[in-house]
Structures are given as structure tokens and as C-alpha cells.
Amino acid sequence: MAGRPLTATNGPQTPPHSPAATLRPAPRVGGGHASNGARHWRRPARPRATPASPGPRWRIGGGCRRLAAMLGFLSGRQAGLDDPLRLRRAEATRRVLSLELNKDRDVERIHGNGINSLDIEPVEGRYMLSGGSDGVIVLYDLENLSRKPSYTCKALCSVGRSHPDGHRFSVETVQWYPHDTGMFTSSSFDKTLKIWDTNTLQPADVFHFEGTVYSHHMSSVATKHCLVAVGTKSPKVQLCDLKSGSCSHILQGHRQEILAVSWSPRHEYILATASADSKVKLWDVRRASGCLTTLDQHNGEKTKASSEAANTAHNGRVNGLCYTSDGLHLLTIGTDDRMRLWNSSTGENTLVNYGKVRNESRKGLKFAISCGCNPEFAFVPCGSTIAVYTVFSGELITMLRGHYNTVDCCVFQPNFQELYSGGKDCNILAWIPALREPVPDDVSDKCLPQQHLNPAYEDAWSSTDDEG
Amino acid sequence: MVRSPPLPPDVIRARRKLPGGRHGPAAAGAGGPGGLPGCPGGPRGGAGGGRGPAAVEAALREAAALFPRRLLGAALPALVLRHQLYGLAGDRTAVDRHLNRLRDEGRVRLLHLGLGGDALGVVSTEEYAQKVLQAVSGSPREGLVRRFLEGAVGACPLPGYDQRLLRQLGFGDADVTQLVAAGVLTVRDAGSWWLAVPGIGRFVRALVRGRRALLGAVRRSRHRELLLAELGQRPPPALGLRYLLLDLLGAELLRSVPTASGPLLRLAEP
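Being a predicted model, the structure only gives us computed values, none of them experimental.

## Let's talk about the overall build of chain B
Turning to step 1, where the next piece is worked out: Scanning chain B for helices and strands turns up 12 helices and 9 strands.
Turning to step 2, where the next piece is worked out: When the 270 residues of chain B are sorted by exposure, 46% land in the buried category.
Turning to step 3, where the next piece is worked out: Considering only intrachain contacts with a sequence separation of at least 6, the fraction spanning at least 24 residues in chain B is 62%.

## Describing the sheet that holds strand β4 (residues 160–162) of chain B
Backbone-to-backbone hydrogen bonds join strands into a sheet, with any given pair of strands oriented parallel or antiparallel.
Residue and element names in this part refer to chain B.
Turning to step 1, where the next piece is worked out: Taken in spatial order, the 3 strands line up as β4-β6-β5 in an open sheet, and their pairing is antiparallel. Of all strands in the sheet, those bounded by a partner on one side alone are β4 and β5 (185–189). Ignoring strand direction, the axes of neighbouring strands in this sheet form an average angle of 35 degrees.
Turning to step 2, where the next piece is worked out: Inspection of the sheet shows β4 paired to strand β6 (residues 192–195) by 3 bridges, in the antiparallel sense. Looking at the pairing, Asp 162 lines up with Ser 192 of β6.
Turning to step 3, where the next piece is worked out: Against the sheet, helix α7 (residues 142–155) contacts β4, β5 and β6, and its axis sits at roughly 95 degrees relative to β4.

## Side note on the packing of helix α6 (residues 125–136) of chain B against α7 of chain B
All names here are of chain B.
Turning to step 1, where the next piece is worked out: For the pair α6 and α7, interaxial distance at closest approach is 9 Å and the crossing angle is 165 degrees. Comparing their axes, α7 and α6 come out roughly antiparallel. In this structure, α6 meets α7 at a crossing whose hand is right-handed. Here Tyr 128, Ala 129, Val 132, Leu 133 and Val 136 of α6 lie close against α7, whose contacting residues are Glu 142, Val 145, Arg 146, Leu 149 and Val 153.
Turning to step 2, where the next piece is worked out: Among the residues making up the contact of α6 with α7, the classes are represented as 8 nonpolar, no polar and 2 charged.

## What to know about the packing of aromatic side chains
Turning to step 1, where the next piece is worked out: In total, this model carries 10 aromatic pairs over all chains according to the counting rule given.
Turning to step 2, where the next piece is worked out: Seen in terms of ring centroids, Phe 67 of chain B and Phe 203 of chain B are 5.6 Å apart; in terms of plane orientation they differ by 45 degrees. Their pairing is tilted. Taken together, the positions of Phe 67 of chain B in the loop between α2 (53–66) and α3 (69–72) and Phe 203 of chain B in helix α10 (residues 200–220) put the pair 136 residues apart, joining distant regions of the chain.
Turning to step 3, where the next piece is worked out: For Phe 203 of chain B, a relative accessible area of 0% puts it in the buried group.
Turning to step 4, where the next piece is worked out: These aromatic residues form a ring-pair network of at least three members: Trp 176, Phe 184 and Trp 196 of chain A.
Turning to step 5, where the next piece is worked out: Looking at Arg 168 of chain A, its charged tip hangs above the ring of Phe 169 of chain A, at a distance of 5.5 Å from the centre.

## Focus on the pairing of strand β2 (residues 108–112) of chain B
All names here are of chain B.
Turning to step 1, where the next piece is worked out: The element β2 is largely enclosed, with a buried count of 5 among its 5 residues.
Turning to step 2, where the next piece is worked out: On β2, burial covers both faces: Val 108, Leu 110 and His 112 on one face and Arg 109 and Leu 111 on the other are all buried.
Turning to step 3, where the next piece is worked out: Relative to strand β3 (residues 120–124), β2 runs antiparallel, the two being bridged by 5 bridges. Across the sheet, residue His 112 finds its bridge partner in β3, namely Leu 120.

## Quick notes on the nonpolar core
Residues and elements named next belong to chain B.
Turning to step 1, where the next piece is worked out: Tyr 128, Phe 148, Tyr 161 and Phe 203 are the most contacted members of the largest nonpolar core, which totals 55 residues.
Turning to step 2, where the next piece is worked out: Counting residues per element, this core draws most heavily on α10, which supplies 9 residues.
Turning to step 3, where the next piece is worked out: If we skip the residues at most four places from it in the chain, Tyr 128 touches Pro 77, Leu 111, Val 123, Leu 149, Val 153, Val 184, Leu 195, Ala 196 and Val 197.

## A short note on the side chain of Ser 221 of chain B
Turning to step 1, where the next piece is worked out: Within the secondary structure, Ser 221 of chain B sits in the loop between α10 and β7 (225–227).
Turning to step 2, where the next piece is worked out: From its side chain, Ser 221 of chain B meets the backbone nitrogen of Glu 225 of chain B in a polar contact 3.1 Å long.

## Considering helix α9 (residues 173–182) of chain B
Residue and element names in this part refer to chain B.
Turning to step 1, where the next piece is worked out: Listed in full, the buried residues belonging to α9 are Val 176, Leu 179 and Ala 182. Down the axis, α9 shows its buried residues gathered within 120 degrees of arc, on one side only. In α9, the exposed positions angled more than 90 degrees off the buried face are occupied by Ala 174, Thr 177 and Ala 181.
Turning to step 2, where the next piece is worked out: Lining the buried residues of α9 we find α6, α7, α8 (163–169), β5 and β6.
Turning to step 3, where the next piece is worked out: Following α9 by one or two positions, Gly 183 has its phi on the positive side, about 95 degrees.

## Regarding helix α4 (residues 82–89) of chain B
Residue and element names in this part refer to chain B.
Turning to step 1, where the next piece is worked out: Most of α4 sits inside the fold, with 7 of its 8 residues counted as buried.
Turning to step 2, where the next piece is worked out: For α4, the set of buried residues is Arg 82, His 83, Gln 84, Leu 85, Tyr 86, Leu 88 and Ala 89.
Turning to step 3, where the next piece is worked out: Phi for Gly 90, located one or two positions after α4, is positive at around 90 degrees.

## Thoughts on the environment of Phe 377 of chain A
Residue and element names in this part refer to chain A.
Turning to step 1, where the next piece is worked out: With respect to the element layout, Phe 377 can be found in strand β23 (residues 377–382).
Turning to step 2, where the next piece is worked out: Judged by its relative accessible area of 0%, Phe 377 falls in the buried class.
Turning to step 3, where the next piece is worked out: Separated by 13 residues in sequence, Phe 377 and Thr 390 have C-alpha atoms that sit 4.5 Å apart.
Turning to step 4, where the next piece is worked out: Once residues lying within four places of it in the same chain are set aside, the contact partners of Phe 377 are Thr 93, Val 96, Leu 97, Ala 368, Ile 369, Ser 370, Val 388, Tyr 389, Thr 390, Val 391 and Ile 397.

## Here we look at the pattern of salt bridges
Turning to step 1, where the next piece is worked out: Under the definition given, this model contains 24 salt bridges over all chains.
Turning to step 2, where the next piece is worked out: Where Arg 94 of chain A meets Glu 91 of chain A, a salt bridge forms, and the shortest distance between an N and an O atom there is 3.0 Å. Taken together, the positions of Arg 94 of chain A and Glu 91 of chain A, both in helix α3 (residues 84–97) and 3 residues apart, correspond to about one turn of that helix. The same class applies to Arg 94 of chain A as to Glu 91 of chain A, namely buried.
Turning to step 3, where the next piece is worked out: Where Glu 57 of chain B meets Arg 107 of chain B, a salt bridge forms, and the shortest distance between an N and an O atom there is 3.4 Å. Within this pair, whereas Glu 57 of chain B is found in helix α2, its partner Arg 107 of chain B is found in the loop between α5 (92–105) and β2, the two being separated by 50 residues in sequence.
Turning to step 4, where the next piece is worked out: Relative accessible area serves as the criterion here: at 19%, Glu 57 of chain B is assigned to the buried category.
Turning to step 5, where the next piece is worked out: Among the charged side chains, a network of salt bridges with common partners joins Glu 57, Glu 105 and Arg 107 of chain B.

Analysis parameters
Every chain is numbered independently, its residues counted from 1 as its sequence is written. For this description, chains carry letters from A and ligands carry numbers from 1, given in the order in which they are written. Reporting of local features is limited, given that this is a predicted model, to residues whose pLDDT is at least 70; pairs of side-chain atoms are given and counted only at 80 or more, and all residues count toward the totals for whole chains, interfaces and linings. Where side-chain values are given, they derive from all heavy atoms of the structure, hydrogens and water being excluded. Counting from the N terminus, the helices are the DSSP runs of H or I reaching at least four residues and the strands are the DSSP runs of E reaching at least two. Remark: exposure states derive from per-residue accessible area (1.4 Å probe, protein chains only) relative to the maximum for the residue type, with buried under 20%, exposed over 50%, and partly exposed in between. The contact criterion used throughout is that any non-hydrogen atoms of two residues lie within 4.5 Å. In this description, strands pair whenever DSSP reports at least two bridges between them. For helices, the fitted line uses only the C-alpha atoms of the stretch in contact; every axis is such a line through C-alpha atoms, and the angle between N-to-C directions lies from 0 to 180 degrees. For classification purposes, an angle smaller than 35 degrees is called roughly parallel, one larger than 145 roughly antiparallel, one from 65 to 115 roughly perpendicular, and anything else oblique. Helix crossings get a hand from a simple test, with the near helix turned counterclockwise from the far one by less than a right angle marking a left-handed crossing and a clockwise turn marking a right-handed one. Ten residue types, Ala, Val, Leu, Ile, Met, Phe, Trp, Tyr, Cys and Pro, are classed as nonpolar, four, Asp, Glu, Lys and Arg, as charged, and the remainder, Gly among them, as polar. Stacked, tilted and edge-to-face pairs are distinguished by plane angle, under 30 degrees for stacked and over 60 for edge-to-face with tilted covering the rest, among Phe, Tyr and Trp rings (Trp via its six-membered ring) whose centres lie within 6.5 Å. Only when the NZ atom of a Lys or the CZ atom of an Arg is both within 6 Å of the ring centre and within 35 degrees of the ring normal do we say a charge sits over the ring. What makes a nonpolar core is a set of buried Ala, Val, Leu, Ile, Met, Phe, Trp, Tyr and Cys residues whose side-chain atoms join them at distances within 4.5 Å. Definition of a polar contact: a pair of N or O atoms within 3.5 Å, with one able to donate and the other able to accept a hydrogen when the atoms are protein atoms, and with sequence-neighbouring residues admitted only if both atoms are side-chain atoms. The arc in question is formed by the directions pointing from the helix axis toward the C-beta atoms. A pairing counts as a salt bridge when a side-chain nitrogen of Lys or Arg comes within 4 Å of a carboxyl oxygen of Asp or Glu.

Function cannot be inferred from these measures alone, as they are strictly geometric.
See below:
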């Protein structure tokens, strides 16, 4: 049932991706190759001119010391003293900490209305889907093959309003088929879940529900099942089987609409659902008898809560759910302006305090957690900014400002440590790690910028005058 | 020649500090302007750079010292609000965890004060017991209160009690009525009560009035922001300016932005 994945014959010509090329090559340091950095490193001659940064003169000292630390990691890796992942994690963390808007990277603007959902395919991290409030689904190519630093991510194709089988109302969630890019799923307020064939852009199957669909998710580690968990306005979580084409079972337990669902990235049968009745439930879909646990924010201290509020994860609607990449912890966010971190195997509230996380969204909030960094970061849309928190200590690192209106969704690209976010201002913004400027060489004159002289001041002397 | 600010311990993680910092007035009150101009942010917390339990203990002592004993007389124990410690000690999670540990050891009590869901007051257990007994000394309820303090308060570290638990500990309905009349318990729900301090009403009223006055002053200013120095020129509120500012900043009703003329207080977005 899965169509052909997007291959080199379908998309633009691409060189085959080697597994080793998951990181961009490190920028050149002092004119030498990164692997020989210890030998060729020279002290940078000029400070970086970054007028937007708070203290430009502070950066000289910091930059030199950061380079020295980086080269320490590289030589340790080379000599076998350090674990190979340590360098990768350190560099990924440094890149995430320097996320900013970049004038060289843009995403083509297709949507005419707000963007509700973004998803990047997990196979290569190259193609991105976006679903908008106008019912339009757009597919973007994030890869920069133009050999120029300035690049706009092009929209390859879209399922628009004029498509006969397109969604009629707002698309709430889009997701790639986790195993290849031949298929994707989208769910919408028109009470349907559609399974699309990417190459022909025709729906291969449609599931109809009684209530509007708020969220759906398909497990990325599942090998024994092809279930899509769908959260709708009804309190029952529906599981749709792609192999048979029907809703195979229903999970009962919630009392109000289901706003977010997420499969665990660690166990293929564990599902977490979040509902407007303030409860988050963990299910094993093989069990017939009900949920595994209901997450309790007070960890069982009954007298702390009033009697009606027993076993609630938040004091308001629970809007968003996200597992960390190893599946050991679960982050939930609620309209009581709190974010909570849970141990996903015991259901215990780890009591990490993130402070007030402003959440005014009436429907689901899609936030992202980084992958492959040493303190993991959570990127949470807060109004028109994106707040970046460290997941395990609750510290607010920075607020990414750039959107003109409320941000609804964001997604993290783990290979290049980039963040893409979309919101009601119809823009998708790409947050790129700030690049180090190439360090100019002391000795050679070729790196110095050639000054453009006014021709009136140019020296018009020529040796032929003497002879002529 | 510009002296570069101290680098964080892990050099490769040179963090970009928040432009609108989360500094409490402790950084300003500790002397000097709120950071060098252009400097992204000074060291966190006025209680020293450490982030562990030592910092939380120091913050507790500092905040307890700010509690206005002179105004509220000797009737109340030194009450610190939990969110005031966030501003002083810097790391919210560390403060929460340390307070939970102290509560489980029995050295402090966390009390609900009626200010809203998350606002908990922190008192040291001995001082709480001493002040409660002082408040009921001479009245016929003294014996009952003493029994309650030794039995229930010592046994159970939670801020609330329900009917079943109290019955288990040996306090019937008539006893509970007497305790509520003495001010040691406050009604929360039918059949459940919060632990309370007798005479806390004056403190809560002064706190609410002070909050309203400060927030009103900031709201009425032209751009809804005020320099700390300007606030200092107004008549000081009853509970003390620093106590109230720590409370408002910790509860995230106000935000403090370091500027060249000292910290600027801005209303947090609603």
C-alpha cells in the first residue's frame, strides 16, 4: 500500500546520502582542515563583527576559548580518548544554543492561512510537510543543493483547495509514514483522516469519524502493527489499522475530547493520550482492560488536591504531549500555564519547575524536543515567541522572536540542528545555528576584502606610458 | 580595555543569556547597578553563585530576614513564600526539591495561604509551633492545640488534612471545630482542611494590598514599566519593598529587565 519513496528520479538530482554525512562538515578553522586543526590552528586576527549581538567585544575571548575547547574535543576523538558521541553531542548542543533567524534561509510561502502542523520525515530529514488552516497540505524540500549560501526551501507540491479529494476544513495534523516518504497521513476538522500516496498525491484511504479530528499519530518504531491513533472530539481514542483499512479498536477512559496523542518511541504498543478533562493516560493497546496509568501531578498525595481533581495531570486542559527522543520521559503542557515532565515508565511527576509557560491555545499545541544534545532542549511555542527550555532542569534558555502572530507548531531537524516553526502569520520560519565566520588568514592577502574604489580615484598609471 | 565577564564553567556551552533577565532585585540590592551596560547578565541570585542546597538555605535565611517582624508583631512566625526563593536562589527545580526534602525531614512546613493555587508559604516547624502555642496560651483550647501540634502536625507533612485522617489521629468533629475556631485549621472543602497560622489574616491583607499598590503603580505609568529607583521614591509599602518585589517577581506578575539606570520593572504579559 505504500507508494514508492521519493527517489532521485522523482525529485531533484541528489547525490546518494552517505550515513557519515549526517553532520555538516565543521567550518574551516584558521585555514587548516578540521582533522588537522591541532597543527594548523592560528589565532584569529579580527573580531567577528556581529552588531546584533549584545557585547561584540566579549566575543573575542569567548570565541578563542570556544575554538580551543572544540579542538580539544577533536583531538581527544582522534586519539581515542573520548567517546565518539561526545564530540557530536557537544557540537550539537553548541549549535542549538546559537539558533537564530538567518537572512540566507527562507521557506517559500504558500499558505494563505495559519499553519497548524509541520512534520519532517524521519528517514533523511529532507522533506517537510505542512498542514494549514485553509485545508492545504504542502511538501517542501529542505535540502540546499544550489551551492549558494542563500537558499529558499522550495515547495515541491501541494494538495490545495482545488484538489477534488483535498480536505475541506482546517488540517490539524500531518505526519509522514515513519518508514519511507511514499505515504503521509493528514487529519482535519472535516472529520476525516486521509492516507495519501506522495507520488500521485491521491488519497489511498479515508477514515471517517463522528467528531472533528484534533490529532493523530503513527508509531515510528512499530514493526508488528500499522495502527494510527486518532484523537477526536469524542472521548474515545480510535485506533485505525492501515493494513485492513478499518478502525480496529477504541480505547475508553477519557471523559472529554482528546487533544493530543503520541506513541512512545521506545515501545511500539505504548500510547499516551491527553484530553481536555485534564488527564493524561498511558495505554498498552494490547490490553483489553483499560489504561495502564493516569498521570497524577501530585504523585499520589491525595490531600494536596481537592477531591474532584484526583489524578489530573494539569489543572486545565492538557494541550500538548511530547516524548523525549529516548522515550524515557514525557513532557505535557496544559492551559494552567504549566509544563510537566513525567517519568514514562512509572508515571511519576519529576517535579521539574519550568515556571509559567504561557499557553492560550484552545486546541493542541505542537512542541518539539531536541535530539542528540547533552542537555536536551524543549522548544515550546508561547504566544508569538518560541521559548527554549532545558528539559531536565527547567531553565529558560532564550526566547526566539520572529513571528508576527501566534506560533502553533514547531519541529526540530536533528541532523542539522535546525528548528522550523509555523504560526498564524502564515510564515514558516527556519531557525539556523549561527555560523562561525571563516577566520581570515594572517599571512595571505587573498582573504582581505577587496575594496571597491571609485574609478575617479583609481591609479591610472601604466608602464606603457614610459615606452609610448 | 574591556574586562570580559567570567565565562561559565563549561566553556563550550557559553549560553546566550535572556535579554529580559530573570534577575530579582537581589542583584540590584546587593549593591551597585544592575550589571554593566551591555553585559548580558550578571551572576544569578544574590545568595552567592552556587546552585545547590546551600544556595537554597542561604536564600531561605535571607528571605526570612526580610519578613517584617516589627509590623506584624511577635504573633506570626517568619513566613517566606516559596516563589520568593526562586528569585533569590535562581534554579526553580533545585528550590522545589530542597524544600520537599526539608519538608520530609520535618524541618519546615509548607502552608496554603489562600493566595492562589501554587503560592505556598514556608515556615520553620519549631517557630510555627512556638507561635501557635503563644497565640492560644491562656485559652481553654490550649491543651487540644498542643495535642494537635504534637500528634497531627508532627506526623503528617502535608499542608492539608481530611476527615478520615484526622479521625485516625484521634481528633473528632468537636475537636476539629475547636481547632478551626482557634485558627489552626482553615476550611477548604466539606471534610477537608488546610493547616493555617492563627492571625495570618493581617499578613495576607497587607500582602494583597501591597501587591495591588505596586502593580497599580506600574500599570499607571506611561509605558507600563517603572525603574526600581522610582519605586523607591514612593512611600514604602507595609511589608517592605524588597519582600513585595521578590513576591511579585517570583509569581511572574512582574518582570525585571536590567538597564543602565538599574533594574526596570515591567508588567508580565497577561
